[in-house]
Amino acid sequence: MIHLIVHLVKEIKCCGPVYLRWMYPVERYMKILKGYTKNLYRLEASIVERYITEKVIEFCSEYIEKAKPVGLLESRHDDRVGGKGSRELHVITPSLEDLFQAHLYVLNNSNEVLPYILKHEAYVKQNNPKMS
């Protein structure tokens, strides 16, 4: 996990955050919207009508908690996230030392912190001239 940060910092410096340049979520959602078409002569109206119907069902199902929503797919992972299922929920928590090491790496490789690092190096060289 610590090695992943090495690549992420370089990638964010070059291209910006990942979610701003990946088209996969947009394309995946467009596939869902295209599946709403029933009337091939009026595609946009068909998509809008089914989208609004789905949103109304979602909105109403939030207020009726015990009712099972009709037309909405249930996630097959809900039981596992709740702690049920055949496998245990595996959560990896890094040690405090690993977190500090990752934090230090990000700080040492960001442009915002560079002036402070240079000031610190100059201060150390001034106070310890024999130190290499």
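Everything numeric in this text was worked out from a predicted model, so none of it was measured.

What counts as what
- Residues numbered from 1 in each chain as written.
- Predicted model: local features only at pLDDT ≥ 70, side-chain atom pairs only at ≥ 80, totals over all residues.
- Heavy atoms only, no water.
- Salt bridge = Lys/Arg side-chain N within 4 Å of Asp/Glu carboxyl O.
- Helix = DSSP H or I, 4+ residues; strand = E, 2+ residues; numbered from the N terminus.
- Buried < 20%, exposed > 50% of the residue type's maximum accessible area, 1.4 Å probe, protein only.
- Polar contact = N/O pair within 3.5 Å; in protein donor to acceptor, adjacent residues only side chain to side chain.
- pLDDT = per-residue confidence, 0-100.
- Patch = residues over 30% accessible without salt bridge, like charges linked within 9 Å, V, L, I, M, F, W, Y side chains within 5 Å.
- Areas by Shrake-Rupley, 256 points an atom, 1.4 Å probe, with all protein chains shown as cover.

Engineer: So what's going on with the pattern of salt bridges? Residues and values would help.
Structural biologist: For the structure shown, the criterion picks out 1 salt bridge. In this structure, Glu58 and Lys55 form a salt bridge, with 3.5 Å as the shortest nitrogen-oxygen distance. In this pair, Glu58 and Lys55 are both assigned in helix α3 (residues 43–63), 3 residues apart and thus about one turn of the helix distant. Owing to a relative accessible area of 36%, Lys55 belongs among the partly exposed residues under this scheme.

Engineer: Residue-level account of the side chain of Ser110, with values.
Structural biologist: Residue placement: Ser110 occurs in the loop between α5 (96–108) and α6 (114–127). Polar side-chain contacts of Ser110 include one of 3.2 Å to the backbone oxygen of Leu107.

Engineer: Can you tell me about the confidence of the model for the chain, naming the residues and giving the values?
Structural biologist: Per-residue confidence for the chain averages 77 on the pLDDT scale, and 73% of its residues sit at or above 70. At the low end of the mean pLDDT range in the chain sits helix α4 (residues 78–81), at 57; at the high end sits α6, at 91.

Engineer: Can you break down a nonpolar patch on the surface residue by residue, with the values?
Structural biologist: A surface patch of nonpolar side chains, amounting to about 510 Å² of accessible area, comprises Tyr29, Ile32, Val48, Tyr51, Ile52 and Val56. Contributing elements (two or more residues each) for the nonpolar patch: α2 (24–34) and α3. Inspection of the secondary structure puts Tyr51 in helix α3.

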